[in-house]
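In case you want the letters, here they are:
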Amino acid sequence: MLISVPGIVDEPEGKVLFSPNLHWTERVNLPELVKEVWSVPVLLVQEIRALALGHLAAEPEAEDFLLADFGQGVGGAIVQRGKLYDSTLPLNAELGHTKVIGNTRVCGCGAVGCIETLVSRKGLLQSYSSANGGDVITWSAFARYLGEHGIPSWFEKSLDTAAAIIAGALNVLGLKKAVITGSLTELPPSVVEYLAKGVKEGTMWGRFGEVHCQSAPRRRAMGLVGVGVDRLLIPDVQPDRFAFAETNGWSAAVAFRK
Ligand SMILES: [Zn+2]
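Given the structure is predicted, the values throughout are model-derived calculations rather than measurements.

### Quick word on the domain arrangement of the chain
Step number 1: Splitting the chain by domain gives domain 1 (2–48 + 219–256) and domain 2 (81–215).
Step number 2: Distance between the C-alpha centres of domain 1 and domain 2: 27 Å.
Step number 3: Contacts between domain 1 and domain 2 engage nine residues on the former and seven residues on the latter.
Step number 4: Of the roughly 540 Å² buried where domain 1 meets domain 2, counting both sides, 58% is carbon and sulfur surface.
Step number 5: The interface formed by domain 1 and domain 2 holds zero salt bridges in total.
Step number 6: Where domain 1 packs against domain 2, one counts two residue pairs in polar contact (both at pLDDT 80 or more).
Step number 7: At the level of elements, strand 2 (8–10) and strand 3 (15–18) are the ones that each hand at least two residues to the side of domain 1 that touches domain 2.
Step number 8: Grouping the constituent residues of the side of domain 1 that touches domain 2 by class yields five nonpolar, three polar and one charged.

### Some thoughts on the sheet that holds strand 5 (residues 65–70)
Step number 1: In space, the five strands of this open sheet follow the order 7-6-5-8-9, with mixed pairing throughout. A single partner strand is all that each edge strand has here, and the edge strands are strand 7 (83–84) and strand 9 (212–215).
Step number 2: Here helix 2 (residues 47–58) sits on the sheet in contact with strand 5, strand 6 (74–80), strand 7, strand 8 (177–182) and strand 9, set at roughly 125° to strand 5.
Step number 3: Helix 7 (residues 189–202) rests against strand 5, strand 8 and strand 9 of the sheet, and its axis sits at about 160° to strand 9.

### Let's talk about the pattern of salt bridges
Step number 1: Throughout the structure, instances matching the rule amount to seven salt bridges.
Step number 2: A salt bridge links Asp69 to Arg218; the nearest nitrogen and oxygen atoms lie 2.9 Å apart. In this pair, Asp69 is assigned in strand 5 and Arg218 in the loop between strand 9 and helix 8 (220–231), connecting sequence segments 149 residues apart.
Step number 3: Salt bridges sharing partners connect three or more residues here, namely Glu11, Arg49 and Asp86.

### Quick word on unusual backbone geometry
Working note: non-glycine residues mostly have negative phi, and peptide bonds are mostly trans.
Step number 1: Not every positive phi belongs to a glycine, and Arg81 is a case in point at roughly 50°.
Step number 2: If you trace the backbone, Arg81 turns up in the loop between strand 6 and strand 7.
Step number 3: In this structure Arg81 comes out as exposed when scored by relative accessible area, which is 72%.
Step number 4: For Ala93, which is not glycine, the phi dihedral falls at a positive 55°.
Step number 5: The topology assignment puts Ala93 in the loop between strand 7 and helix 3 (116–119).

### A closer look at the nonpolar core
Step number 1: Within the largest apolar cluster, 42 residues are counted, with the highest numbers of intra-cluster contacts made by Phe142, Phe155, Ile166, Leu184 and Leu195.
Step number 2: Of all the secondary-structure elements, those providing two or more residues to this core are strand 5, strand 6, helix 3, helix 4 (121–131), helix 5 (139–149), helix 6 (153–173), strand 8 and helix 7.
Step number 3: Here this core gets nine residues from one element, more than from any other, and that element is helix 6.
Step number 4: Leaving out residues up to four positions away in the same chain, Ile166 has contacts with Leu66, Ala68, Phe70, Leu95, Ala178, Ile180, Leu195 and Val199.

### Digging into the coordination of the zinc ion
In ideal tetrahedral geometry, four donors around a metal make angles of 109.5 degrees, whereas ideal octahedral geometry with six donors gives angles of 90 or 180 degrees.
Step number 1: Around the zinc ion, the donor atoms from the protein are His97 (ND1), Cys107 (SG), Cys109 (SG) and Cys114 (SG), and they sit 2.0 to 2.3 Å away.
Step number 2: With four donor atoms in place around the zinc ion and angles of 107 to 118° between them, the coordination shape is tetrahedral.
Step number 3: A relative accessible area of 2% places Cys114 in the buried class.

### Topic: helix 4
Step number 1: Every buried residue of helix 4 is accounted for by Gly123, Leu124, Ser127, Tyr128 and Ser129.
Step number 2: Where helix 4 is buried, its residues contact helix 3, helix 5 and helix 6.

### Quick look at the side chain of Ser127
Step number 1: Positionally, Ser127 belongs in helix 4.
Step number 2: Overall, the relative accessible area of 9% leaves Ser127 in the buried class.
Step number 3: Polar contacts involving the side chain of Ser127 include one to the side chain of Arg105, which spans 3.0 Å.
Step number 4: Look past the residues within four positions of Ser127 in its chain and what remains in contact with it is Arg105, Leu118 and Trp154.

### Section: the pairing of strand 6
Step number 1: Within strand 6, six of the seven residues are buried, which leaves the element mostly enclosed by the surrounding structure.
Step number 2: Taken together, the six bridges between strand 5 and strand 6 define a ladder with antiparallel strand orientation. Pairing of Phe65 across the sheet is with Val79, part of strand 6.
Step number 3: Adjacent in sequence and paired antiparallel, strand 5 and strand 6 are bridged by three residues.

What counts and what doesn't
Residues numbered from 1 in each chain as written. Predicted model: local features only at pLDDT ≥ 70, side-chain atom pairs only at ≥ 80, totals over all residues. Heavy atoms only, no water. Domains from an automatic or database assignment. Contact = heavy atoms within 4.5 Å. Buried area = accessible area lost by both parts, 1.4 Å probe. Salt bridge = Lys/Arg side-chain N within 4 Å of Asp/Glu carboxyl O. Polar contact = N/O pair within 3.5 Å; in protein donor to acceptor, adjacent residues only side chain to side chain. Helix = DSSP H or I, 4+ residues; strand = E, 2+ residues; numbered from the N terminus. Nonpolar A, V, L, I, M, F, W, Y, C, P; charged D, E, K, R; others polar. Pairing = 2+ DSSP bridges. Axes fitted to C-alpha atoms, helices over the stretch in contact; angles between N-to-C directions. Buried < 20%, exposed > 50% of the residue type's maximum accessible area, 1.4 Å probe, protein only. Core = buried A, V, L, I, M, F, W, Y, C linked by side-chain atoms within 4.5 Å. Donors = N, O, S within 2.8 Å, 3.2 Å for Na, K, Ca; no water. Tetrahedral: all angles 85-135°; square planar, octahedral: opposite > 155°, others 65-115°.

Structure, rendered in structure tokens:
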């Protein structure tokens, strides 16, 4: 069984070290919990890494990219030469916890001012409310509002900042492609288009070459299957079928073999 979990995950140890938006997962041993009800090998896969592997499986020609996912938080994963980038710490591409000067919102990670407090789903709805006299709005109503009124200036400012952070990461990593998944792709296409324009403007490569920034669906389950086939199954034995389960914040895939 493969379980995708957000946060800082020590995949070889099967342990969630730190999870800004799901702190309870730090205090439990997820693999052992699963084994109490079903004695199968269990692997934890960091959520955004699973998304990146899923994107790679769906578009194998996309060998080098930074994936930025927007949702409860803002996460990232790096794929270089067709492989997930592995850093010495079990943590990389943590775009969401970049400090934005002047932003006083407290983040789930304990810091003040992280970009994800502005551009996560909750952060955007909070900004809408502040800009509209405390009006509370649902996510789908917010999407409709953007369709009718265009992108308000407070949102443009947050998107400009997110774009600068993504562009900075592309400059540092030597990549020319960003893939955007998650909640921003549920809003009118003009939102990701605006972000993409900012990313292109902020990258060094964009001054003389071509930089791509595109939206893509979340392919978390497909990414988990890829990990499972690589790490749990005997390489030439293909599974007969897979089962998937997804809830808010995590998902699991099970491979069955005769
Ligand atoms: Zn943070």
